[in-house]
Amino acid sequence: MANSRKPAPNSTGADHAVADVSAAVRQALADWLASCISSPPLIPGSIPLVAIALSGGRDSVVLLDATARLAGEIGVELIALHIHHGLSRQADNWQRFCAERAAALQVPFDARRVRLAERAGQGIEAAARQARYAALRELCRQHGATCLMTAHHADDQAETILLQLLRGTGLPGVAGMPEIDRPGRLAGVTLLRPLLHVPRAAIDAYAAQWGLDWVEDDSNQDSRFLRNALRHDVMPALARHAPAYRQTLARFARHAHQAQALLDELAAQDLQAAGWPDGPGLDHRVLLRLGEARLTNLLRYWVRAQGLRPASESRLADWQRQLRRTDDAAQVALPHDARVMRLYRHCLYWDDAAPPPARELDATATLRWHGQREWRLPDWRGTLVFSPVPAGGAVDAATDVPESLLRSAPLRAEPRSGGERLKRHPRQPSKTLKNLFQVEGVPAWQRAVPVVWLGERILFVPRLGVDQRLLRDSSGQLEAHSGAWWRLAWHGLGE
């Protein structure tokens with residue numbers, strides 16, 4: 001293969017030295033695989049099927065080879081997974097090489113092609129990494145693998161820490177990569193880095209001992225990329241002047257990780273004091289009692305807890321300014337990563353960023369209900385869900401409707417036209433939807449919901465409930481209805 005590499009055979013005198021160094025790879029893997037299935041296992045309830053991310057490069061080829069030689073002894077099964085990004089003209093050859101390498105070791109193989117989606121503020125490397133992990137997660141789930149091993153090693157860890165320092169990242173970045181990431185980027189799959197304390201020299205020695213070949217990505221030699229410049233120019237110089245730099249950086253990363261853990265613990269306590277996750281959002285008044293550093297820490301943690309991209313230092317500072325200069329009637333909208341942090345009536349919460357589509361103003365949808373569990377209403381970016389009330393269970397007149405009533409006439413969803421009235425309570429007069437939304441504190445941007453009609457009468461309005469005039473007699477008592485009851489609930493996009 002034109003783009004493959006293979007170490008030169010070792011002389012007899014060097015064989016023992018190479019074998020001794022490469023034994024570190026085998027020992028690290030043996031310890032990790034054994035701990036995965038030991039009692040108690042490192043990964044409770046895990047199935048002994050381990051996936052290996054196989055790019056075709058030297059590190060992942062060594063990981064596959066060494067793991068395949070150990071799997072039978074330890075009692076785990078393997079599958080090799082390859083992601084085809086399509087970024088290189090050699091990508092097809094790399095996938096073919098990986099399939100052949102796995103077959104030679106009698107390891108099942110699967111691959112997935114991905115297309116990189118453009119994302120504001122995200123480079124091609126970050127987009128490729130995101131797509132790769134998403135595809136690996138899906139492949140793991142498809143094959144039933146609960147663990148995924150990657151070939152990151154001690155030199156990768158050192159490069160990552162230095163790279164993050166140069167980028168001016170915070171403690172989470174300089175804490176480096178953890179050996180075990182649960183759930184990490186792979187929700188539902190545990191990510192393992194068993195070689196994280198093994199130096200590149202040991203991996204080179206293993207490849208030499210077993211005569212392995214691999215594919216080489218020419219872009220890894222391009223020193224215009226900062227990581228490559230670190231690898232080829234900076235790290236060798238560090239090794240000459242500070243031979244223990246890997247251990248030093250690893251120790252620094254552990255300290256950073258411990259410090260971040262304490263900050264996360266503090267942020268979790270502050271979030272709980274402000275009403276999260278039990279309430280709809282955070283109490284703005286509680287947040288204002290926090291100092292600048294503590295509020296920044298809370299916001300940074302809250303962004304991460306939402307699964308969003310980390311907010312930059314400048315963005316966090318801007319959020320602070322806007323949150324602190326608001327008055328009691330303020331409404332604030334702070335966009336970030338396809339979501340919006342909104343402040344309304346002292347409540348700070350995350351909302352879907354996309355505005356309601358303009359076409360909903362003319363939208364109408366009808367449904368003849370005969371037991372459907374969902375009514376999807378894409379013009380309003382949501383779904384009306386029908387759930388059966390358990391037999392003998394208490395009926396909630398604010399949300400529950402008898403089946404006989406649902407079947408009595410077609411359902412129709414229409415936008416608000418103005419002036420519609422709803423009777424929410426049996427002993428109170430009907431009020432306009434606008435008035436009810438205001439009383440309930442529903443923000444203006446959440447009022448673009450459908451009005452659900454039953455024939456010519458309003459049945460249900462999301463965020464407000466069922467019109468009691470359909471359920472009660474003139475004295476305000478629930479009318480007798482035979483048969484089952486169904487509960488109505490509105491699930492908007494992002495809720």
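Residues numbered from 1 in each chain as written. Predicted model: local features only at pLDDT ≥ 70, side-chain atom pairs only at ≥ 80, totals over all residues. Heavy atoms only, no water.

Colleague: Give a description of the pairing of strand 21 (residues 457–461) that names residues and reports values.
Modeller: Burial within strand 21 is extensive, with four of its five residues counted as buried. Relative to strand 21, strand 20 (residues 451–454) runs antiparallel, the two being bridged by three bridges. By the bridge assignment for strand 21, Trp 453 is matched with Ile 458. Bridging between strand 21 and strand 22 (residues 465–466) involves two bridges; their strand directions are antiparallel. Paired with Phe 460 across the two strands is Val 466, which belongs to strand 22. (Buried < 20%, exposed > 50% of the residue type's maximum accessible area, 1.4 Å probe, protein only. Helix = DSSP H or I, 4+ residues; strand = E, 2+ residues; numbered from the N terminus. Pairing = 2+ DSSP bridges.)

Colleague: Talk me through the nonpolar core; I want residue IDs and the actual numbers.
Modeller: Grouped together as the largest cluster of nonpolar side chains are 38 residues, with contacts concentrated most on Val 25, Leu 29, Met 149 and Leu 195. Among the elements of the structure, helix 1 (12–37), strand 2 (49–53), helix 2 (58–74), strand 3 (77–84), helix 3 (91–104), strand 5 (147–149), helix 7 (200–210) and strand 8 (214–215) are those that each provide at least two residues to this core. Apart from residues no more than four positions distant in its own chain, Met 149 is found in contact with Leu 29, Leu 33, Val 50, Ala 51, Ile 52, Ala 53, Leu 63, Thr 67, Leu 192 and Pro 194. If you look at the next biggest cluster of nonpolar residues, it comprises 37 residues, including Leu 436, Ile 458, Val 466 and Leu 471. (Core = buried A, V, L, I, M, F, W, Y, C linked by side-chain atoms within 4.5 Å. Contact = heavy atoms within 4.5 Å.)

Colleague: Describe helix 4 (residues 124–143), listing the residues and the values that go with them.
Modeller: Over its 20 residues, helix 4 runs 28 Å from end to end, which matches the ideal 28 Å to within 8%, given 1.5 Å per residue. Turning to helix 4, its buried residues are Ala 127, Ala 128, Ala 131, Tyr 133, Ala 135, Leu 136, Leu 139 and Cys 140. Buried residues along helix 4 sit in contact with strand 2, strand 3, strand 4 (109–113), strand 5 and strand 7 (190–192). Immediately beyond the C-terminal end of helix 4, within one or two residues, lies Gly 144, with a positive phi of roughly 80°. (Expected span 1.5 Å × (residues − 1).)

Colleague: Lay out the packing of aromatic side chains with the relevant residues and their values.
Modeller: Considering all chains together, one arrives at five aromatic pairs under this definition. A ring pair is formed by Trp 302 and Trp 350, whose centres lie 5.7 Å apart and whose planes are at 55°; its orientation type is tilted. Of this pair, Trp 302 sits in helix 11 (residues 292–305) while Trp 350 sits in strand 12 (residues 347–352), placing them 48 residues apart in sequence. Centre to centre, the rings of Trp 319 and Trp 350 are 6.2 Å apart; their planes meet at 70°, and the pair counts as edge-to-face. Of this pair, Trp 319 sits in helix 12 (residues 313–324) while Trp 350 sits in strand 12; the two residues are 31 residues apart in sequence, bridging distant segments of the chain. Each of the two residues, Trp 319 as well as Trp 350, counts as buried. The cationic tip of Arg 132 hangs over the ring face of Tyr 133; the distance from NZ or CZ to the ring centre is 5.9 Å. (Phe/Tyr/Trp six-rings, centres within 6.5 Å; stacked < 30°, edge-to-face > 60°. Lys NZ or Arg CZ within 6 Å of the ring centre and 35° of its normal.)

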